Amino acid sequence: MASLEQIFKQECMELLESFEQGLVNASNGDERKEIVTDLFRSLHTIKGSASMFGFQKISELTHELECLFDEIREGKRILNQELITLSFQFIDIARSVVDSGNENNSKESKLIQDLIFKIKNISTSTNFVTSPITNQILYYINIKPSEQLFLTGNNLLYVIDDLLKLGKLTCRIYLFENTNFNQFNFQKAHTGIELILETNQSVDQVKEQFIFIQDNAKIEIEEFNLLNTKIDVVDLSNFSDICNPFLLKESLTVQLDGISLANVSKGKINEPEKQNHSIRVASYKLDELMSLVSELITTQAQLEVAAIHSTNVQLINVVESLQKISRRMRDTVFSVCLIPLNSVMVRFQRLISDLSIELNKEIKFETSGTEIELDKYVIENLVDPLLHLLRNCADHGIEDSTTRVKNGKSKVGLISLTAYISGTHAILEIKDDGAGIDKNKILAKALKLGLADPNFKYHEEDIINFIFHPGFSTAQTVTSVSGRGVGMDVVKKNITKLKGNITVKSELNQGTQFNIRLPLTLSITEGLLVKVGNSVYVIPLENVIKCVEIKEENLNTVWSYIHYNESQIPILSLQKVFTTSTAFKYPKAVVVNFQNQLVGLGVDEVLGEHQVVLKSLGNFYKDSPEYGGATILGNGQVSLVLDVQRIIQNHLNHQQNQKYGNLN
Amino acid sequence: METSTNQAYLTFSVGKETFGANVKSVLEILEVPALTTVPQAAVYMRGVINLRGSVLPVVDTRIKMGLPFQEDTINTCIVVIQVEQHHQLMPLGIIVDAIQEVIDIQENQILPAPTLGNFANTLLTGMIKHQEKFVLLLNIQKLFSSEEIFELTETEEITNNL
């Protein structure tokens, strides 16, 4: 059970994120009023919770910002760039404090005080907008709460108090129909309120009073604008002896009858919100579920093996049904652990927004296809590489406005992120229409660092790939944003860790495009089962080119050569690697791809293809990296999955015979 | 309020000695199933087994304690324990020659472990006398989370002479 602090932290982070998303939308030109209201609401909730959990300084800071947003809500202030920047600063500080759990750290305290000071400065200076019309308006309001209203901690009397601040009112309470006094539950709401409010506030301002209860109550508002009537003052006491509910509105209409009434707005603010269609689940529960499903699949595979040898038709049918259900269950559970790429987009939008201010360039960020869903682990590990790539595009790629216009481009630079699924892989394209990568500069730097051979004529694609080398960076100065030369190789490493790959294309003065290709599932791969000695091993199919029969008779060393496709390829005897057998003759070889060369692996038997659920061997085998993991076969046996690249590499180092020295 | 606490220990034999492990670290006990050896691993790693769908590494306790290898007998079992590695609790199987029983020990019954020999100094948390035999209380965490082989033989001499 998560502690209260953990729950607070999680909720606060979510509120901050939704506040941030709203800000980003607003700063991108979204002018809807609801955005400001939502921003205000988020701040209000953050203020309350922060105070409850002892973060008084954050609560105070939030309160100052909330007051500003209140003014924006009321139309007394405009949300300008300065405010947006301050709000972003607020988000950063709040995140850092809530994450560390401590707001009394001197650095953080100072940042908080600084920000409070800046916000207060703004409050005292105003950027007023004309205030609303000041004639008297009568509103008929009917508040019908849902039964659960009180359970949300709301009290209708506070709403009445707030309304009273707007003007004068009279109200009538009514009982819900069908209220059963024999089963009266005092925790539920059974009464509604009708009231007539006389005020000079606009209908929007009246609606604001209900924002905290509108999710749990049906609110009807009818406006009777007295502007065009001869009535200056309405005596509300005329309505006070009406006992019959729902006659209030009729009576008001009758009283004002004969005079043209402008029913300006008939607003039912909203129905109580539909029940939430999603539920928050702790990740450890998902992990458990995943592992149980994998166990189910394995056990079911064993059952299949046992049933194949049976003649009981009924058994075979049931086992087949079980197989279908298990597969569907596995697919569904796997999809539960998938989250849309969208969920991390805010960070990227925020980054571009910040960078465009910091670097003084105009940059537009477009995304498409980010609804695709990826494994949570993959997404979490994609964030850093993507942030780095986007940073590079903004810093090195996009030029400043003057240069762009001079080169015939639009003033505003464009960075785009497109995502889509292709077969069993997800593809992410990050493109910018900036300066492009200067291949000559890259080649020069590579030569200087000794990474390139001066006598070799490199293809264009190969030159560009030098940027992925550790320590490579052509930025002349180290800025806070980039230039330390630790970027691209780390990006590549992180992508490789996710079993993906990254390529880059670029045209000078036109732009650069990075392509990231990721497999959709990490833990299931297609494998080839082979037998070496008495053990069964799995070779991941992605490495395998072909299986061949060995015709050579005189192979008697760890490394040999065999004929393949009109030439010779080296072959490594897995028998020698894995067993102590002195026999050399191996009847079959699996030809694999090793660094763009063909290498054979000698085995005793090739058993067939198998879909493999990868299991880690754990820390106790961390020194045996030749195995990428293990899997459980249908017969319950554990079978080791070979890391082909490592095995070949390790045994290259061991080779004694100089005859085979030219594999590279 | 009485302060003497009861602890339960699982006793088992390895070589000529009887050891006790606090049940808090013990997850379950199994018979030895089909083992898959992992070639070129540490000498005390016997291999891996399939434990209800997960891959469980198995340590040969005799070899970890510096004793010579012996074939498994009908009494040989795997005790699945929990060991902390890199701030995480990981399951690990250890092969023992025979399981004996679970005994309740009062804290005040625990005698200090014999202090001679590297094995005793680092790996024993104490010793008790149970039914005319000495049971060495083992620090499971220390023995199995490190990569060393601890020489048990020195301690054997000591306990034999007690």
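Computed from a prediction, not measured in an experiment: that's the story for all the values here.

Peer 1: Tell me about the interface of chain A and chain B, and please be specific about residues and values.
Peer 2: Counting residues at the interface gives 20 residues for chain A and 23 residues for chain B. Together, the buried faces of chain A and chain B total about 1900 Å²; carbon and sulfur atoms form 59% of this surface. Put simply, chain A and chain B have zero salt bridges between them. For the pair chain A and chain B, the number of links is one residue pair in polar contact (both at pLDDT 80 or more). Elements represented by at least two residues in the side of chain A that touches chain B include exactly helix 17 (574-578), strand 21 (627-632) and strand 22 (638-642) of chain A.

Peer 1: Residues and numbers for unusual backbone geometry, please.
Peer 2: A negative phi angle is the norm for most residues apart from glycine, just as the trans form is the norm for most peptide bonds. At A:N509, a position not held by glycine, the phi torsion is positive, near 75°. A:N509 sits in the partly exposed class, given a relative accessible area of 37%. The phi dihedral of B:Q131 falls on the positive side, at around 50°, and the residue is not glycine. Its place among the elements puts B:Q131 in the loop between strand 9 (124-130) and strand 10 (133-138). Looking at B:Q131, the relative accessible area reads 61%, which means it is exposed.

Peer 1: An account of helix 14 (residues 439-448) of chain A is needed here, citing residue identities and associated values.
Peer 2: Residues and elements named next belong to chain A. Those residues of helix 14 that fall on the buried side of the exposure criterion are K439, I442, K445 and A446. Buried residues of helix 14, viewed axially, fall in a sector of 125°; they line one side. Exposed and oriented more than 90 degrees from the buried face of helix 14 are N440, K441 and K448. Measuring from the backbone nitrogen of N440 back to the side-chain oxygen at the start of helix 14 gives 3.1 Å, which picks out D438 as the cap. Backbone geometry just after helix 14 places G450 at a positive phi near 75°.

Peer 1: Which residues make up the sheet that holds strand 7 (residues 363-368) of chain A, and what values go with them?
Peer 2: Residues and elements named next belong to chain A. Spatially, the five strands line up as an open sheet ordered 7-9-10-12-11, and their pairing is mixed. Either end of the sheet is taken by a strand with one partner, and the two such strands are strand 7 and strand 11 (501-507). Ignoring which end each strand starts from, the neighbouring axes of this sheet average 15° apart.

Peer 1: Let's hear about the confidence of the model for chain A: which residues, and what values?
Peer 2: Residue and element names in this part refer to chain A. On average, residues of chain A score 77 in pLDDT, and 81% of them are at 70 or above. Counting interchain partners and residues more than four positions distant, the pLDDT-below-50 stretch residues 228-233 has seven contacts. Contacts from residues 257-276, a stretch scored under 50 in pLDDT, to residues over four places away or in other chains number 40 contacts.

Peer 1: Describe the packing of aromatic side chains, with residues and values.
Peer 2: With the rule as written, the count across this model stands at six aromatic pairs over all chains. Pairing A:F8 with A:F53 gives two aromatic rings, centres 4.5 Å apart and planes at 15°, and the pair type is stacked. With A:F8 in helix 1 (residues 4-27) and A:F53 in the loop between helix 2 (33-52) and helix 3 (56-73), this residue pair connects regions lying 45 residues apart in the sequence. Note on A:F8 and A:F55: the rings are 5.6 Å apart at their centroids and 25° apart in plane angle, and the pair reads as stacked. With A:F8 in helix 1 and A:F55 in the loop between helix 2 and helix 3, the pair connects residues that are 47 residues apart, well separated along the chain. A:F8 sits in the buried class, given a relative accessible area of 7%. A cation over an aromatic ring shows up here: A:R73 above the ring of A:F40, its NZ or CZ 4.0 Å from the ring centre. Cation over ring: B:K64 sits above B:Y44, and NZ or CZ is 4.6 Å from the ring centre.

Peer 1: I'd love a proper account of a nonpolar patch on the surface, names of residues and values included.
Peer 2: A cluster of nonpolar side chains, namely A:L175, A:F181, A:F184 and A:F186, defines an oily patch on the protein surface of about 480 Å² accessible area. Tracing the backbone through its elements, the reader meets A:F186 in the loop between strand 2 (167-175) and strand 3 (191-199).

Peer 1: So, the nonpolar core: which residues are in play, and what are the values?
Peer 2: Residue and element names in this part refer to chain A. Membership of the largest hydrophobic core comes to 47 residues, with the highest contact counts inside it found for L341, F348, L382, I415, I430, I467 and I516. Not counting residues up to four positions away in its chain, the partners in contact with I467 are I437, I442, F472, M488, D489, V504 and F514. By size, the runner-up hydrophobic cluster in this structure holds 38 residues, among which are A26, I93, I112 and I116.

Conventions we followed
Residues numbered from 1 in each chain as written. Chains lettered and ligands numbered in written order. Predicted model: local features only at pLDDT ≥ 70, side-chain atom pairs only at ≥ 80, totals over all residues. Heavy atoms only, no water. Contact = heavy atoms within 4.5 Å. Buried area = accessible area lost by both parts, 1.4 Å probe. Salt bridge = Lys/Arg side-chain N within 4 Å of Asp/Glu carboxyl O. Polar contact = N/O pair within 3.5 Å; in protein donor to acceptor, adjacent residues only side chain to side chain. Helix = DSSP H or I, 4+ residues; strand = E, 2+ residues; numbered from the N terminus. Buried < 20%, exposed > 50% of the residue type's maximum accessible area, 1.4 Å probe, protein only. Arc of directions from axis to C-beta. Pairing = 2+ DSSP bridges. Axes fitted to C-alpha atoms, helices over the stretch in contact; angles between N-to-C directions. pLDDT = per-residue confidence, 0-100. Phe/Tyr/Trp six-rings, centres within 6.5 Å; stacked < 30°, edge-to-face > 60°. Lys NZ or Arg CZ within 6 Å of the ring centre and 35° of its normal. Patch = residues over 30% accessible without salt bridge, like charges linked within 9 Å, V, L, I, M, F, W, Y side chains within 5 Å. Areas by Shrake-Rupley, 256 points an atom, 1.4 Å probe, with all protein chains shown as cover. Core = buried A, V, L, I, M, F, W, Y, C linked by side-chain atoms within 4.5 Å.

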